[in-house]
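# Structural overview for review
Take a look at the letters that make up each chain.
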Amino acid sequence: MRILLLGPPGSGKGTQAAMLSEKFGIPHISAGDLLREEVAKKSATGRNVEAMMNAGKLIPSEIVTEMVRQRLSKNDCSRGFILDGFPRNTEQREMLGVKFDVAVSLELEDTLAIARLSGRRQCLDCGKIYSGDAAECECGGKLYQRKDDKPAAMRERLKIFHRDTRPLIDFYRKEGTLKTVDASKGVDIVFAAICRSIQ
Ligand code: AP5
């Protein structure tokens, strides 16, 4: 099963992809996580992309496509995968050339997206996503706030979503693979709606 999750920043792609991965036993591949790993390692790619990510800009498609392609070539993707945050525009869709069984669009208004991102914390060790006042991850890891969850970067990411990713959603609608889900509901309600739309 090849599942694509689309939606604005803060719509819950990462949260839901982790739950889907556990339910269906297929890997969750997040373009943002792959890039953040490079930044944490301070690799040449990581040093190259860090400032762009912090400012909420898109990373050049050649770099991200190559990373995603390499990840998809690993054995654990042979039964399927959940792609989160890639492709993000028409150019990337064409470069990757993968056909999805279903593309799920998580629909959320910008004001709610900004409220969620402002409260998001993530574990430095395992990557688990939290909202609210949690002080520490259940694995014992420290929680941190992403640098691109600051107001100017959030606005930039939302602008890019509406400009570049909306046309992609229209593409999957015309193709007949698109399912839309109201992402403003609680996590479990959104999860149940995604599972229904996939089955
Ligand atoms: P990426 O990490 O993919 O960021 P994003 O797409 O902006 O999405 P987010 O991770 O911010 O949000 P999400 O939808 O996953 O929401 P989450 O589950 O965390 O990309 C980061 C950067 O990497 C990009 O800006 C770009 O620089 C680069 N990049 C990535 N892909 C690229 C590409 N293809 N091309 C070029 N550059 C690329 O939830 C958010 C918060 O809400 C959390 O606190 C969570 O607990 C909470 N929450 C989730 N669901 C609910 C709910 N139902 N109710 C209440 N709270 C909820």
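The paragraphs below set out a description of the structure included in this document. None of the values given here were measured: they were computed from a predicted structure. (Residues numbered from 1 in each chain as written. Predicted model: local features only at pLDDT ≥ 70, side-chain atom pairs only at ≥ 80, totals over all residues. Heavy atoms only, no water.)

In this section: the site of the ligand. With respect to spatial proximity, 34 residues lie near the ligand, and among them T15, K57, R88, R120 and R157 are the closest. K13 places a polar side-chain atom, nitrogen or oxygen, 2.9 Å from an oxygen atom of the ligand. Separating an oxygen atom of the ligand from a side-chain N or O atom of R157 is a distance of 2.5 Å. Across the complex, the protein chains shield 93% of the 1000 Å² of accessible surface that the ligand would expose by itself. Mapped onto the shell around the ligand, the elements with two or more residues apiece are α1 (13-24), α2 (31-41), α6 (110-118) and β6 (129-131). The dominant element in the shell around the ligand, judged by the number of residues it contributes, is α2, at four residues. For the shell around the ligand, a count of residues per class yields 14 nonpolar, 10 polar and 10 charged. (Near = heavy atom within 4 Å. Polar contact = N/O pair within 3.5 Å; in protein donor to acceptor, adjacent residues only side chain to side chain. Areas by Shrake-Rupley, 256 points an atom, 1.4 Å probe, with all protein chains shown as cover. Helix = DSSP H or I, 4+ residues; strand = E, 2+ residues; numbered from the N terminus. Nonpolar A, V, L, I, M, F, W, Y, C, P; charged D, E, K, R; others polar.)

Another point: the packing of aromatic side chains. A complete count under the given rule lists two aromatic pairs for this structure. Note on F100 and Y172: the rings are 6.1 Å apart at their centroids and 75 degrees apart in plane angle, and the pair reads as edge-to-face. Of this pair, F100 sits in the loop between α5 (90-96) and β4 (102-107) while Y172 is found in helix α7 (residues 151-175), placing the two residues 72 residues apart along the sequence. Both residues of the pair, F100 and Y172, belong to the buried class. Both rings, one in F171 and one in Y172, keep their centres 5.2 Å apart while their planes meet at 85 degrees; by these two values the pair is edge-to-face. In this structure Y172 comes out as buried when scored by relative accessible area, which is 2%. Taken together, the ring pairs connect F100, F171 and Y172 into an aromatic cluster. Seen from the ring of F171, R93 lies directly overhead, with NZ or CZ sitting 3.5 Å from the centre. The residue whose ring lies beneath K128 is Y130, and the NZ or CZ to ring-centre distance is 5.7 Å. (Phe/Tyr/Trp six-rings, centres within 6.5 Å; stacked < 30°, edge-to-face > 60°. Buried < 20%, exposed > 50% of the residue type's maximum accessible area, 1.4 Å probe, protein only. Lys NZ or Arg CZ within 6 Å of the ring centre and 35° of its normal.)

Let's shift gears to the pattern of salt bridges. On inspection of all chains with the given rule, the structure shows 14 salt bridges. Where D148 meets R157, a salt bridge forms, and the shortest distance between an N and an O atom there is 3.8 Å. Side by side, D148 and R157 carry an identical accessibility label, which is buried. A salt bridge links K185 to D182, with the shortest nitrogen-to-oxygen separation between them at 3.8 Å. Residue classification places K185 among the partly exposed residues on the basis of a relative accessible area of 45%. The partly exposed category is assigned to D182, whose relative accessible area is 38%. Within this structure, R120, R146, D148, D149 and R157 form a network of salt bridges that share partners. (Salt bridge = Lys/Arg side-chain N within 4 Å of Asp/Glu carboxyl O.)

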